[in-house]
Amino acid sequence: MRKNLLVLNLFCVLFFLGIKVNNAQTTIEKSNTVLIQPSYLQKGDTVAIVAPAGILKNREGEINKAKALLKSWGLHTVVGKHIFNQGRHFAGTDDERCEDFQNALDDKSIRAIWCARGGYGSARILDKLDWTNFNESPKWIIGYSDITAIHSELHNLGFLSLHAMMCTSLQDDVATIKETISTFKNALFGKPLNYTLEGSKYNNPGTVSAPIIGGNLTILHTMLGSKTSLDTSGKILFIEEIGEYKYHIDRMLQSLKRAGYFDNCKGVIIGDMTKIKRNTTPWGSSIEQLILDVLSEYNFPIAFNMKAGHEKDNRALILGRTITLKVNKTSSEILF
């Protein structure tokens, strides 16, 4: 009996050790996964313009400017057939927006999908999309703000994507958004992206190399608890925001923190925090200090003043790409 018990106990120990080893291997393999990069664009390639989110009422001018811009780069354009539809708050119904996006995903002649605008609505079509053909023929998907939902989905599927200007960015005088346009073009055609950021007394110095992920804070917060939520372990998180109260920003960051978002993060880059609303009760500190207070227990580098987000100077970021982040008080560098 005793011999049988010893054998049984040994079997149990080996069984549980086996599970732990297998789990460890799975974790290591997942963390070391190399994301798939779509091919850089060449003259003669075709870009699809679609609207997965907000309505484009009276925005034909910006779409025409976008087509002209792509043409000047030697690219062809196709426009989703539902792009100017209206479905309450959105650019058509969920099914119409999904149809345009799905057609662009499935068409092998299309080498990039450029989102016309953000607003709200991308999350409503995520679970309707079929990525089968995209997996076989990946292409660049471009946008920011609400398009963060799609970027997050792509990251979890194992693909790089492009956080950059959208068609409605061309409502601004082209002369005032030169860096926005040039970095977008450079990213599409495979030219290097390297940025020097203005220094900040709030910077937390340090150097790290890791993949960059993220986007709009509200959308990252919205994805929590879903299959589209990002795993920030071993990665550098970029965030930007527009039109929120400081206490809203604090609440979202606290939620991310409590969910373990920053526990194994390698660094944080803060983009534009635009049009912050004034509450009747003042917050009592700068937005920079608010962010530092939330992240005070972590030792990773934190860089402020990345020109990306909802300002005119919205520089392109290749999400999922490993970058080197060098942070000092006087300046920071981002090297792709």
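Every chain begins its residue count from 1, and numbering advances along the sequence as written. Per-residue local features of the predicted model are confined to residues with pLDDT of at least 70, and side-chain atom pairs are confined, for both listing and counting, to 80 or more; whole-chain, interface and lining totals are unaffected and use all residues. Computation of side-chain values covers all heavy atoms of the structure but excludes hydrogens and water.

- Taking an unreviewed UniProt entry as the reference, the protein is identified by name as LD-carboxypeptidase belonging to Hyunsoonleella pacifica.

**Overview of the overall build of the protein**
And step 1. By definition, any uninterrupted DSSP run of H or I lasting at least four residues is a helix, any uninterrupted run of E lasting at least two residues is a strand, and each is numbered from the N terminus. Within the protein, the regular secondary structure consists of 9 helices and 13 strands.
And step 2. For this measure, only C-alpha atoms enter the radius of gyration; the expected value for a globule follows 2.2 Å times N^0.38, where N is the number of residues. For 336 residues, the compact-globule estimate of 2.2 N^0.38 gives 20 Å, and the protein sits close to it at 22 Å.
And step 3. On the principal axes, the C-alpha backbone points of the protein span a range of 85 × 50 × 40 Å.
And step 4. Each of the 336 residues in the protein was classed as buried or not, and the buried ones make up 50%.
And step 5. Should any heavy atoms of two residues lie within 4.5 Å, those residues are considered in contact. Taking all contacts inside the protein whose residues are at least 6 apart in sequence as the whole, residues at least 24 apart take part in 79%.
And step 6. In these tables, accessible area is a Shrake-Rupley quantity obtained with a 1.4 Å probe, and a residue counts as shielded only by the protein chains included in the view. Element-wise, carbon and sulfur atoms account for 50% of the exposed surface of the protein, whose accessible area totals about 16,200 Å².
And step 7. A positive count includes Lys and Arg, and a negative count includes Asp and Glu. His and the chain ends are not counted in either. By convention, the charge on Lys lies at NZ, on Arg at CZ, on Asp at CG and on Glu at CD. For the protein, the separation between the mean place of its 39 positive charges and that of its 33 negative charges on side chains is 3 Å. For the exposure calls, accessible area comes from a 1.4 Å probe over protein chains only, and a residue counts as buried if that area is under 20% of its type's maximum, exposed if over 50%, partly exposed in between.

**Structural notes on the pairing of strand β3 (residues 110–115)**
And step 1. The element β3 is extensively covered by neighbouring structure, given that 6 of its 6 residues are classed as buried.
And step 2. Whether two strands pair comes down to DSSP finding at least two bridges between them. Both strand β1 (residues 46–50) and β3 contribute to a ladder of 5 bridges, which runs parallel. In the strand pairing of β3, Ala-48 is matched with Ile-113.
And step 3. Of the pairings in the sheet, the one linking β3 to strand β4 (residues 140–143) comprises 3 bridges and is parallel in character.

**What about the side chain of Ser-152?**
And step 1. Structurally, the position occupied by Ser-152 is in helix α5 (residues 148–157).
And step 2. If we skip the residues at most four places from it in the chain, Ser-152 touches Leu-220, Thr-228 and Leu-230.

**As for the UniProt feature "active site" (unreviewed entry) in the protein**
And step 1. UniProt positions are given in the numbering used here, feature names are shortened, and annotations may be inferred rather than shown by experiment. Cross-referencing UniProt, the feature "active site" (unreviewed entry) maps to Ser-145, Glu-240 and His-310 in the present numbering. With the annotated positions falling across 166 residues, the maximum pairwise C-alpha distance of 8.2 Å places them together in a single cluster.
And step 2. Take Glu-240: it is sitting in strand β8 (residues 236–242).
And step 3. Residue Glu-240 is classed as buried on the basis of its relative accessible area of 0%.

**Notes on helix α2 (residues 60–72)**
And step 1. Between the first and last C-alpha of α2 there are 18 Å, a value that for 13 residues agrees with the 18 Å anticipated at 1.5 Å per step.
And step 2. Glu-62, Ile-63, Ala-66, Leu-69 and Leu-70 are the residues of α2 that are buried. Buried residues of α2 fall within an arc of 120° about the axis and therefore sit on the same side. Facing away from the buried side of α2 by more than 90 degrees, the exposed set consists of Lys-71 and Ser-72. Given the number of residues in a helix, its expected span is that number minus one, multiplied by 1.5 Å. In this description, the arc belongs to the directions extending from the helix axis to the C-beta atoms.

**So, the environment of Gly-87**
And step 1. Its location among the elements puts Gly-87 in the loop between β2 (76–79) and α3 (94–106).
And step 2. Take Gly-87: its relative accessible area is 12%, and that puts it in the buried class.
And step 3. Residues Gly-87 and Ile-55, 32 residues apart in the sequence, show an inter-C-alpha distance of 7.9 Å.
And step 4. Setting aside its immediate chain neighbours within four residues, Gly-87 contacts Gly-92 and Thr-93.

**Some remarks on the packing of aromatic side chains**
To describe a pair of aromatic rings, you give the distance between the ring centres and the angle between the ring planes.
And step 1. By convention, a stacked pair of Phe, Tyr or Trp rings (six-membered ring in the case of Trp) has centres within 6.5 Å and planes under 30 degrees apart, an edge-to-face pair has planes over 60 apart, and any other such pair is tilted. One pass over the full model with this rule turns up 13 aromatic pairs.
And step 2. On the numbers, 6.4 Å between centres and 85° between planes, the contact of Trp-73 with Phe-189 is edge-to-face. Here Trp-73 is found in the loop between α2 and β2, whereas its partner Phe-189 is found in helix α6 (residues 178–189), with 116 residues between them in sequence.
And step 3. Exposure remark for Phe-189: the relative accessible area of 22% places this residue in the partly exposed category.

**Quick word on the domain arrangement of the protein**
And step 1. Residue ranges labeled as domains rest on an automatic or database domain assignment. For the protein, the domain assignment lists domain 1 (46–189) and domain 2 (194–335).
And step 2. Computed over C-alpha atoms, the centres of domain 1 and domain 2 are 24 Å apart.
And step 3. Counting residues at the interface gives 28 residues for domain 1 and 27 residues for domain 2.
And step 4. Of all residues in domain 1, His-155, Leu-160 and His-163 give up the largest surface area on contact with domain 2, accounting jointly for 26% of the area buried on that side. As used here, buried area is the combined drop in accessible area, with a 1.4 Å probe, of two parts when they are placed together.

**Quick notes on unusual backbone geometry**
And step 1. Unusually for a residue other than glycine, Asn-58 sits at a positive phi of about 60°.
And step 2. Examined against the element boundaries, Asn-58 turns out to sit in the loop between β1 and α2.
And step 3. Its identity is not glycine, yet Lys-275 carries a phi of approximately 50°, on the positive side.
And step 4. Position of Lys-275 among the secondary structure elements: in the loop between β9 (267–274) and α9 (287–294).
And step 5. Note on Lys-275: relative accessible area 64%, which makes it exposed.

**Topic: the pattern of salt bridges**
And step 1. A side-chain nitrogen of Lys or Arg and a carboxyl oxygen of Asp or Glu constitute a salt bridge if their distance falls within 4 Å. Summed over the entire model, instances satisfying the criterion amount to 8 salt bridges.
And step 2. Note that Lys-81 and Glu-99 form a salt bridge whose closest N and O atoms lie 3.0 Å from each other. Taken together, the residues span a long stretch of sequence, with Lys-81 in the loop between β2 and α3 and Glu-99 in helix α3 at a distance of 18 residues.
And step 3. In this structure Glu-99 comes out as partly exposed when scored by relative accessible area, which is 29%.
And step 4. Where Asp-95 meets Lys-128, a salt bridge forms, and the shortest distance between an N and an O atom there is 3.4 Å. Of the two residues, Asp-95 sits in helix α3 while Lys-128 sits in the loop between β3 and α4 (132–136), which places them 33 residues apart along the sequence.
And step 5. Residue Asp-95 is classed as exposed on the basis of its relative accessible area, which comes to 53%.

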